[in-house]
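Structural characterization, general
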Amino acid sequence: GAGVSQSPRYKVAKRGQDVALRCDPISGHVSLFWYQQALGQGPEFLTYFQNEAQLDKSGLPSDRFFAERPEGSVSTLKIQRTQQEDSAVYLCASSHQLDRGNGLAGGEQAPDTQYFGPGTRLTVL
Amino acid sequence: QQPVQSPQAVILREGEDAVINCSSSKALYSVHWYRQKHGEAPVFLMILLKGGEQKGHDKISASFNEKKQQSSLYLTASQLSYSGTYFCGTEMGGGKLIFGQGTELSVKP
């Protein structure tokens, strides 16, 4: 079956422009995650959706970053007024798992695999 | 909060073994291991749950010591295809992963 897809694969923006990055998760996957990966670093968590609900946006670096998943499938990460420090690879991942809250008893489930897309490389000039 | 991986880089000859360590200062619910080749998506290797679990996948295995908040990835009889950057992702509940800075592995013929 098809994996996670992202578009565009590459995006060059002038400083101050708005950009929109798209993620198509694996069909039927409930959870969707966005990560930012700077060159030579590990992915850093940005935000997380369960279906259409955004359950955690603690990793978004500023109010210029906005993510949505209106129908619980495709997600869009929007960056307004891009800055040079926004240059990075933006990775999307999906998993079948439902939210387990903070892992406490009363709803714990086995952790699920997050499958990553190829990423969008954003370069802000 | 970010887990610490060691070593940062390792060079192997084909057939040699390697160990990559991942340590956290926080209590962990699970540890996820990924391999990423340059310009590609991270590829899932395995998940380990709290409770001292060990897992194996072909010639790649891993252990998770919950008390020490550490996980180790073992690569035996390395192959050229093992080259890439290995990341551990730690989870403290809730699903989101906090990744280490990566360990770059190069396998030479």
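Here we summarise the structure given alongside this text.

Thresholds applied
- Counting restarts for each chain, with residues numbered from 1 along the sequence as it is written.
- Labels follow written order: the first chain is A, the first ligand is 1, and so on.
- Given that the model is predicted, a residue must reach a pLDDT of at least 70 before its local features are reported, and side-chain atom pairs must reach 80 or more before they are shown or counted; all residues, however, enter totals for whole chains, interfaces and linings.
- In computing side-chain values, all of the structure's heavy atoms are included and hydrogens and water are not.
- Numbering of helices and strands runs from the N terminus, with a helix taken as a DSSP run of H or I at least four residues long and a strand as a DSSP run of E at least two residues long.
- Within these notes, the globule rule equals 2.2 Å times the number of residues to the 0.38 power, and the radius of gyration is based on C-alpha atoms.
- The buried label applies to any residue whose accessible area, calculated with a 1.4 Å probe on protein chains only, is under 20% of its type's maximum; exposed applies above 50%, and partly exposed to all values in between.
- Any two residues whose heavy atoms approach within 4.5 Å are treated as being in contact.
- Charge assignment: positive for Lys and Arg, negative for Asp and Glu; neither His nor the chain ends contribute.
- To locate a charge, take NZ of a lysine, CZ of an arginine, CG of an aspartate or CD of a glutamate.
- Any pair of N or O atoms that falls within 3.5 Å is considered a polar contact. Within protein, one atom must be able to donate a hydrogen and the other to accept it, and sequence-neighbouring residues count only if both atoms are side-chain atoms.
- Note on terms: buried area is the combined drop in 1.4 Å-probe accessible area of two parts once they are placed together, counting the loss on both.
- By definition, a salt bridge exists where a carboxyl oxygen of Asp or Glu is found within 4 Å of a side-chain nitrogen of Lys or Arg.
- Nonpolar residues are Ala, Val, Leu, Ile, Met, Phe, Trp, Tyr, Cys and Pro. Charged residues are Asp, Glu, Lys and Arg, and all others, Gly as well, are polar.
- A pair of strands is considered paired only if DSSP assigns at least 2 bridges between the two.
- Every angle, taken between N-to-C directions, lies between 0 and 180 degrees, and every axis is a line fitted to C-alpha atoms, over only the stretch in contact when it is a helix.
- Two rings belonging to Phe, Tyr or Trp (six-membered ring only in the last case) form a pair when the distance between their centres is within 6.5 Å. Interplanar angles under 30 degrees mark stacking, angles over 60 mark edge-to-face geometry, and anything in between is tilted.
- Joining through side-chain atoms within 4.5 Å is the link that ties buried Ala, Val, Leu, Ile, Met, Phe, Trp, Tyr and Cys residues into a set, and such a set is a nonpolar core.

Observations regarding the overall build of chain B
Counting secondary structure elements, chain B contains zero helices and eleven strands. From first element to last, N terminus to C terminus, chain B shows the α and β order β-β-β-β-β-β-β-β-β-β-β. Here chain B has a C-alpha radius of gyration of 13 Å; the compact-globule value for 109 residues is 13 Å, and the two agree. Viewed in the frame of its principal axes, chain B has a C-alpha envelope of about 40 × 25 × 20 Å. Here chain B holds 109 residues, and 49% of them are scored as buried. In chain B, of all internal contacts separated by at least 6 residues, the share reaching a separation of at least 24 is 55%. Measuring between centres, the 11 positive side-chain charges of chain B sit 6 Å from its 9 negative side-chain charges.

Observations regarding the side chain of A:Ser75
Residues and elements named next belong to chain A. Within the secondary structure, serine 75 is located in strand 8 (residues 75–79). At 2.9 Å, the side chain of serine 75 forms a polar contact with the side chain of tryptophan 34. At 2.9 Å, the side chain of serine 75 and the backbone oxygen of glutamate 68 are in polar contact. With residues up to four places along the chain from it excluded, the contact list for serine 75 reads Leu21, Arg22, Cys23, Leu32, Trp34, Phe49, Glu68 and Arg69.

A short note on the environment of B:Ile20
Residue and element names in this part refer to chain B. Counting through the fold element by element, isoleucine 20 comes out in strand 3 (residues 18–23). Considering only alpha carbons, one finds isoleucine 20 and glutamine 69, 49 residues apart in sequence, at a separation of 14 Å. For isoleucine 20, the residues in contact, after removing those within four places along its chain, are Gln5, Ser6, Trp33, Ser71, Ser72, Leu73, Leu75, Tyr86 and Thr103.

A few points about the interface of chain B and chain A
Taken together, the contact between chain B and chain A spans 23 residues of the former and 27 residues of the latter. Of the roughly 1,800 Å² buried at the junction of chain B and chain A (both faces included), carbon and sulfur atoms supply 54%. On inspection of chain B and its partner chain A, the count reaches one salt bridge. Between B:Lys96 and A:Asp56 there is a salt bridge; the shortest N-O distance is 3.6 Å. For the pair chain B and chain A, the number of links is five residue pairs in polar contact (both at pLDDT 80 or more). Broken down by secondary-structure element, the contributors of at least two residues to the side of chain B that touches chain A are strand 4 (30–36), strand 5 (43–49) and strand 9 (84–91) of chain B. For the side of chain B that touches chain A, the element with the highest residue contribution is strand 4 of chain B, accounting for four residues. Across the side of chain B that touches chain A, the residue classes tally to eleven nonpolar, nine polar and three charged.

Quick word on the sheet that holds strand 1 (residues 5–7) of chain A
All names here are of chain A. Taken in spatial order, the four strands make up an open sheet running 1-3-8-7, and their pairing is antiparallel. Because the sheet does not close on itself, it has two edges, and the strands there are strand 1 and strand 7 (65–68). Ignoring which end each strand starts from, the neighbouring axes of this sheet average 15° apart. Two strands pair when backbone bridges link them, and strand 3 (residues 19–24) and strand 8 are joined in this way by five bridges, in the antiparallel orientation. When the sheet's bridge partners are listed, cysteine 23 is paired in strand 8 with serine 75.

Remarks on the packing of aromatic side chains
Counted under the stated rule, the structure contains eleven aromatic pairs over all chains. For the pair A:Phe65 and A:Tyr90, a centre-to-centre distance of 6.5 Å together with 40° between the ring planes defines the contact as tilted. Of the two residues, A:Phe65 sits in strand 7 while A:Tyr90 sits in strand 9 (residues 88–95), which places them 25 residues apart along the sequence. The class of A:Phe65 is buried, set by a relative accessible area of 5%. With a centroid separation of 6.4 Å and 85° between ring planes, the pair formed by B:Phe87 and B:Phe99 is classed as edge-to-face. Pair noted here: B:Phe87 is in strand 9 and B:Phe99 is in strand 10 (residues 98–99), with a separation of twelve residues, a long-range link. When sorted by exposure, B:Phe87 lands in the same class as B:Phe99, which is buried.

Digging into the nonpolar core
Among the nonpolar cores identified, the biggest contains 21 residues, and B:Trp33, B:Leu73, B:Leu75, B:Tyr82, B:Tyr86 and B:Leu105 are the most heavily contacted of them. At the level of elements, strand 2 (9–13), strand 3, strand 4, strand 5, strand 7 (60–65), strand 8 (70–75), strand 9 and strand 11 (103–108) of chain B are the ones that each hand at least two residues to this core. Beyond its immediate sequence surroundings of up to four residues, B:Tyr86 is in contact with B:Gln5, B:Ile20, B:Tyr34, B:Arg35, B:Leu45, B:Leu73, B:Leu75, B:Gly102, B:Thr103 and B:Leu105. Counting 20 residues, the second-largest nonpolar core is a separate cluster that includes A:Leu21, A:Trp34, A:Ile79 and A:Cys92.

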